[in-house]
Amino acid sequence: VQLQASGGGLVQAGGCLRLSCVVSGGTFSNYAMGWFRQAPGKEREFVAAITRGGSTTYYADSVKGRFTISRDNAKNTVTLQMNSLKPEDTAVYYCAAVRLMSWYQRPSRDHTMYPYWGQGTQVTVSS
């Protein structure tokens with residue numbers, strides 16, 4: 001399974017960005033998807049996740065109400081819409097996939113539970 005993330009960039013505080021991740025090499029709907037981020041000198045942290053069918057989403061408290069994760073199983077794509085960006089959102093953002101048996105199973109917030117990763121895309125928010 002290969003993941004290709006895109007959409008990062010430089011934006012001013014209060015602005016927005018949309019990250020996309022295209023998955024290939026597997027049946028996309030078999031995988032729950034997550035977004036994680038890692039800032040310099042910090043550990044990788046959970047941002048958002050979505051179930052296989054897309055019916056349920058989960059967010060870190062720090063992004064709740066500002067970020068939206070969604071997926072299109074027909075296009076093998078998961079997106080992260082980021083609004084009201086803050087300087088503390090600056091990080092490399094990674095999409096990740098984990099195969100789950102249940103359509104509704106809650107994906108983990110632990111990055112070590114995801115075996116498949118994209119290459120990362122840089123998001124920089126200036127103050």
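Residues numbered from 1 in each chain as written. Predicted model: local features only at pLDDT ≥ 70, side-chain atom pairs only at ≥ 80, totals over all residues. Heavy atoms only, no water.

Student: Residues and numbers for the overall build of the protein, please.
Tutor: Secondary structure summary: the protein contains 0 helices and 11 strands in total. Against the globule reference of 14 Å for 127 residues, the protein gives a C-alpha radius of gyration of 14 Å, in line with a compact fold. Structurally, the protein occupies a C-alpha span of about 45 × 25 × 25 Å along its principal axes. Counting the 127 residues in the protein, one finds 44% classified as buried. In the protein, once contacts between residues fewer than 6 apart in sequence are set aside, the share between residues at least 24 apart is 60%. Split by element, the accessible area of the protein, about 6300 Å² in all, is 49% carbon and sulfur. (Helix = DSSP H or I, 4+ residues; strand = E, 2+ residues; numbered from the N terminus. Rg over C-alpha atoms; globule rule 2.2 N^0.38 Å. Buried < 20%, exposed > 50% of the residue type's maximum accessible area, 1.4 Å probe, protein only. Contact = heavy atoms within 4.5 Å. Areas by Shrake-Rupley, 256 points an atom, 1.4 Å probe, with all protein chains shown as cover.)

Student: Quick one: what's the story with the state of the cysteines, residue by residue and with numbers?
Tutor: Disulfide: a covalent bond connecting the sulfur atoms of a pair of cysteines. Scanning all chains against the criterion turns up 1 disulfide. Each sulfur of the disulfide joining Cys21 and Cys95 lies 2.1 Å from the other. Across the S-S bond of Cys21 and Cys95 the torsion is about 60 degrees, and the bridge reads as right-handed. Here Cys21, found in strand 3 (residues 17–24), pairs with Cys95, found in strand 9 (residues 91–99); they are 74 residues apart in sequence, far enough to count as distant. Comparing Cys21 with Cys95 shows no difference in burial state: the two are buried. Left unpaired, Cys16 is separated from the closest cysteine sulfur, that of Cys95, by 20 Å. (Disulfide = S-S within 2.5 Å.)

Student: Provide a residue-level description of the sheet that holds strand 7 (residues 67–72), including the pertinent values.
Tutor: Strand order across the open sheet formed by 4 strands is 1-3-8-7, with antiparallel pairing between neighbours. Edge positions in the open sheet fall to strand 1 (2–6) and strand 7, since each of these has one partner strand only. Adjacent strand axes in the sheet meet at a mean angle of 15 degrees when their direction is disregarded. Across 6 bridges, strand 7 lies against strand 8 (residues 77–82) in antiparallel orientation. Looking across to strand 8, one finds that Phe67 is bridged to Met82. (Pairing = 2+ DSSP bridges. Axes fitted to C-alpha atoms, helices over the stretch in contact; angles between N-to-C directions.)

Student: Go over the packing of aromatic side chains, please, and point to the residues and values.
Tutor: What describes a pair of aromatic rings is the distance from one ring centre to the other and the angle between the planes of the rings. Taken as a whole and assessed by the stated rule, the structure comprises 6 aromatic pairs. A centroid spacing of 5.8 Å and a plane angle of 75 degrees characterise the contact between Phe36 and Phe46, whose relative ring orientation is edge-to-face. Pair noted here: Phe36 is in strand 4 (residues 31–38) and Phe46 is in strand 5 (residues 45–50), with a separation of 10 residues, a long-range link. You'll find Phe36 and Phe46 in the same group, each marked buried. Summarising the aromatic geometry, the rings of Tyr94 and Trp117 are spaced 6.2 Å apart at their centres and angled 80 degrees between planes, so their arrangement reads as edge-to-face. Placement of the pair is Tyr94 in strand 9 and Trp117 in strand 10 (residues 116–117), with a sequence separation of 23 residues. Under the relative-accessibility criterion, Tyr94 is labelled buried at 14%. Here the aromatic residues Phe36, Phe46, Tyr94, Tyr114 and Trp117 are joined through ring pairs into a cluster of three or more. (Phe/Tyr/Trp six-rings, centres within 6.5 Å; stacked < 30°, edge-to-face > 60°.)

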